[in-house]
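What follows is each chain in one-letter form.
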Amino acid sequence: MKISLLYPPDHFVPHSLYLSMPVLAGCLKEAGHEVAIRDLNAEVLDRLLRRETLALYGDYVRQTKAELDTRARLSPQEEVTRQLMQRCIDLPLETALEGWRAADTLRHPERFYDPAEYRLALDRLVAAMNFLLGSIVNLSPFLDDYLPQLARVLSSGQDDPVTRALDAGIVDSVLAFGPDLIGITMPFQEQIVEGLRIAARIRRARPGVKIAIGGPQVTKYEQQLFAGATLFDFIDFAVVGEGNAAIVELAEALQGQRALQDVRSLYWHRNGDVAYNGRGAATSMDALPPPSYDGANFDSHFKPEPLFGLMTSRGCAYNRCTFCSEAFHSNFAMRSPRRVFEDVKRLVERNGARHIFFWDSLLPPRTMWELADLIAAEGLEVFWFANTKFYDLFARPDQVKRLYDGGLRAVHFGMESANQRVLDLMRKGTRIDKVPAMLRTLHDGGILAQVSWFAGFPTETIEEHRDTVRFLEQHRNVIDLDVFVGSFYFEFGTYVAAHPEEFDSEIVDIGGDYALRCRSGMSPEEVERVKAHYMQATDMDLLCHGGYFLYHVNRGLRPRLISRHQGERRAQAL
């Protein structure tokens, strides 16, 4: 059976192939299927970042805005369009229109490593993406009329750059493989609309092809998405929860080897109604075959060398943070360090991998140190990145050397705040007074340390937030990337949502969507001012692109060299 796995546009700078696709490909290939994996996020952006495309869309934006400005009255939809066009114009438009130059620089084996050229190219890429994607409207799944609105968006003739790229050959190229089943993953909220409009186009072009959706957003919003049968005008199936076994079982059902009602975790359309088979048991992490990158095309990615991804665990090894979804809390399982090492070795030997990112929400510490020892003993030339937390072992030079000798070159800490009261309220388990020694030891040991933080956790005051800013400034010589990720994001399924009274807060309905209203701490206006200010100083673009990792591994250079804000400019921004 031929199966295509698609990653829809996510409105982020392409970093690496999203991990679920090679994981699912490995499971399907082990079952004997022919699989194609396509990163349509990178492919769409690659097609749009052409000189003539940017120029044509620039003309369209200006003309549309000018024409709408001449009208005495606008419909609500026209007013939305006018505002979106204005948002595009307000960007650094000339930089955005030079976005076509970015691809050549970022893929060039030498110009990529010229800091000035890299910085200019990344600025152009980000500006062009904001310009091209600024007119696309996202829908909140909590809207009371979400499904009807979603159906209208999918059924209407949208005219935006992504639609134009899909219709200019990308959908045709997906179908040229001749798939019997197409799986579309949706890790980010923007991909609900993006993935479904790809599905709608495939259905119109090839009605006989079966289409399944899955991923974190489908699982998170299953009650909203399948409150009725609307989506089955565009898809055939949806998988919630873990998809590794479910997609193999679905392929078996389509081949007549089992009944559809025996496929775990499956939503489907039966006799005009929504049918659901119930959540199946999770597969043991050690029972999964290795991810398969065979046939993956990295040509559309904006780097001279590919970054590969692996995952060693499901859920979170710590699982106590009050702002994290219960999806991270309830199902922790890990792959044995030996099996992880075998995955790494296979990628090196089979795919030529030199740079690997472990995408666990938190790489288990046992895995981190044992993996480093196995890589060092084998003598593999491979370098890796991990998300982690502030473990005391990071303050010990001998333990940091162990990690370095085993290929670790960068770690990311979700610091969130440098105020101890706020950290305790988050249940982060961090003693902020111990962190400077860890950062110094990592820095001296040749391992990049990057931290992320945000503003506006419930009850956090402006002075407590300034503790974080002061901490970053005092330790900027040993923090390689400081990534301000924005303001506190409220979502259901978190401890905060279940116990708002512990955070002096209440949940309020705002036009069909929901928010957390806190009675103390920073006001919403203060949070927005803080957010607007620090988004100008964040290294988020470097984190999303991943090029800083190649700079460090291949040239021994620190990310500060390619940050937008260096030295005193960063201090002034903070």
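Thresholds applied
- Residues numbered from 1 in each chain as written.
- Predicted model: local features only at pLDDT ≥ 70, side-chain atom pairs only at ≥ 80, totals over all residues.
- Heavy atoms only, no water.
- Helix = DSSP H or I, 4+ residues; strand = E, 2+ residues; numbered from the N terminus.
- Rg over C-alpha atoms; globule rule 2.2 N^0.38 Å.
- Buried < 20%, exposed > 50% of the residue type's maximum accessible area, 1.4 Å probe, protein only.
- Contact = heavy atoms within 4.5 Å.
- Areas by Shrake-Rupley, 256 points an atom, 1.4 Å probe, with all protein chains shown as cover.
- Pairing = 2+ DSSP bridges.
- Axes fitted to C-alpha atoms, helices over the stretch in contact; angles between N-to-C directions.
- Core = buried A, V, L, I, M, F, W, Y, C linked by side-chain atoms within 4.5 Å.
- Parallel < 35°, antiparallel > 145°, perpendicular 65-115°, else oblique.
- Left-handed = near helix turned anticlockwise from the far one by under 90°.
- Nonpolar A, V, L, I, M, F, W, Y, C, P; charged D, E, K, R; others polar.
- Right-handed = clockwise from strand over helix to strand, strands pointing away.
- Salt bridge = Lys/Arg side-chain N within 4 Å of Asp/Glu carboxyl O.
- Phe/Tyr/Trp six-rings, centres within 6.5 Å; stacked < 30°, edge-to-face > 60°.
- Lys NZ or Arg CZ within 6 Å of the ring centre and 35° of its normal.

Colleague: Looking at this model, I keep getting lost on the overall build of the protein. Mind explaining?
Modeller: Broken down by element type, the protein carries 24 helices and 17 strands. Relative to its length of 574 residues, the protein is compact, with a C-alpha radius of gyration of 24 Å against a globular reference of 25 Å. For the protein, the spread of C-alpha atoms along the three principal axes comes to 65 × 65 × 55 Å. Among the 574 residues that make up the protein, the fraction classed as buried is 54%. Long-range pairs, those at least 24 residues apart, make up 77% of the contacts in the protein with a sequence separation of at least 6. When the accessible surface of the protein is split by element, carbon and sulfur atoms take 50% of a total near 23500 Å².

Colleague: What should I look at first to understand the sheet that holds strand β6 (residues 266-270) in this one?
Modeller: By definition, the strands of a sheet pair up through backbone hydrogen bonds, in either a parallel or an antiparallel sense. Taken in spatial order, the 7 strands make up an open sheet running β2-β1-β3-β4-β5-β6-β7, and their pairing is mixed. Taken across any chain shown, the strands that pair with only one partner, and hence form the sheet edges, are β2 (34-39) and β7 (273-276). The sheet shows a mean angle of 25° between the axes of neighbouring strands, direction not considered. With 4 bridges joining them, β6 and β7 adopt antiparallel strand pairing. In the sheet register, Arg270 faces β7, and the bridge partner there is Asp273. Together, β1 (2-7), β2 and β3 (181-185) form the strand contacts of helix α9 (residues 161-176), whose direction differs from that of β2 by roughly 165°.

Colleague: How should the nonpolar core be read in this particular structure?
Modeller: Inside soluble globular proteins, nonpolar side chains tend to come together where they are buried. Within the largest apolar cluster, 99 residues are counted, with the highest numbers of intra-cluster contacts made by Leu5, Val344, Ile356 and Trp384. If we ignore the near neighbours within four places in the chain, the residues touching Ile356 are Phe308, Leu310, Val344, Leu347, Val382, Phe383, Trp384 and Phe385. Core analysis: the second largest hydrophobic core is formed by 87 residues, Val44, Val240, Val483 and Tyr548 among them.

Colleague: Could you clarify how one ought to interpret the pairing of β6 in this entry?
Modeller: Consecutive residues of a regular strand have side chains that alternate between opposite faces of the sheet. Looking at chain direction, strand β5 (residues 237-239) and β6 are connected through 3 bridges and run antiparallel. By the bridge assignment for β6, Phe237 is matched with Trp268. Where β6 folds back on β7, the antiparallel hairpin that results is connected by 2 residues, among which Asn271 adopts a positive phi of roughly 55°.

Colleague: Is there a simple way to explain the packing of helix α3 (residues 51-69) against helix α4 (residues 76-90) in this structure?
Modeller: Two packed helices can be described by the angle between their axes and the distance between those axes. Put simply, α3 and α4 touch, their axes get as near as 9 Å, and they point 130° apart. In terms of orientation, α3 and α4 fall into the oblique class. The handedness of the crossing between α3 and α4 is left-handed. Residues Tyr57, Tyr60, Val61, Arg62, Thr64, Lys65, Leu68 and Asp69 of α3 touch α4, and the partners they reach there are Glu78, Thr81, Arg82, Met85, Gln86, Cys88 and Ile89. In the contact of α3 with α4, the residues fall into 7 nonpolar, 3 polar and 5 charged.

Colleague: Just to check I follow, could you spell out the sheet that holds strand β12 (residues 383-388) for this structure?
Modeller: Spatially, 6 strands are ordered β8-β11-β12-β13-β14-β15 in an open sheet, and the strand pairing comes out parallel. One side of each edge strand has no neighbouring strand; the edge strands of this open sheet are β8 (308-310) and β15 (481-487). Strand-to-strand twist of the sheet, defined as the mean angle between neighbouring strand axes without regard to direction, takes the value 20°. When strand β14 (residues 448-455) meets β15, the two strands line up parallel, connected through 5 bridges. Of the residues in β15, the one forming a bridge with Trp453 is Phe484. Running at roughly 160° to β14, helix α19 (residues 462-474) makes contact with β13 (408-416), β14 and β15 of the sheet.

Colleague: Is there a simple way to think about the pairing of β14 in this case?
Modeller: β14 sits mainly inside the fold: 8 of its 8 residues count as buried. As paired elements, β13 and β14 share 6 bridges and run parallel to each other. Bridge pairing links Ala410 to Leu448 in β14. With α19 bridging β14 and its parallel neighbour β15, the resulting β-α-β unit is right-handed.

Colleague: Which parts of the structure should I look at to understand the pattern of salt bridges?
Modeller: A side chain of one charge can pair with a side chain of the opposite charge if their charged atoms are brought near each other. Applying the stated criterion across every chain yields a total of 46 salt bridges. A salt bridge links Glu222 to Arg279, with the shortest nitrogen-to-oxygen separation between them at 3.0 Å. Of this pair, Glu222 sits in helix α12 (residues 222-225) while Arg279 sits in the loop between β7 and β8; the two residues are 57 residues apart in sequence, bridging distant segments of the chain. Exposure remark for Glu222: the relative accessible area of 14% places this residue in the buried category. According to the relative accessible area criterion, Arg279 is partly exposed, its value standing at 46%. Note that Arg339 and Glu342 form a salt bridge whose closest N and O atoms lie 3.5 Å from each other. Taken together, the residues span about one helical turn, with Arg339 and Glu342 both in helix α14 (residues 337-351) at a distance of 3 residues. Residue class for Arg339 comes out partly exposed when judged on its relative accessible area of 23%.

Colleague: I tried to follow the packing of aromatic side chains on my own but got confused; where do I start?
Modeller: Under the counting rule described, the total for this entry stands at 37 aromatic pairs. Consider the rings of Phe112 and Tyr113, whose centres lie 4.9 Å apart with planes at 80°: the pair is edge-to-face. Judged by relative accessible area, Phe112 falls into the buried class, the value being 0%. Judged by centre distance (5.6 Å) and plane angle (35°), the ring pair of Trp369 and Phe394 falls under tilted. Of this pair, Trp369 sits in helix α15 (residues 365-378) while Phe394 sits in the loop between β12 and α16 (397-405), placing them 25 residues apart in sequence. Its guanidinium or amino end placed over the ring of Tyr60, Arg164 lies 5.0 Å from that ring's centre, counting from NZ or CZ. If you follow Arg555 out to its NZ or CZ, it ends over the ring of Tyr113, 3.9 Å from the centre.

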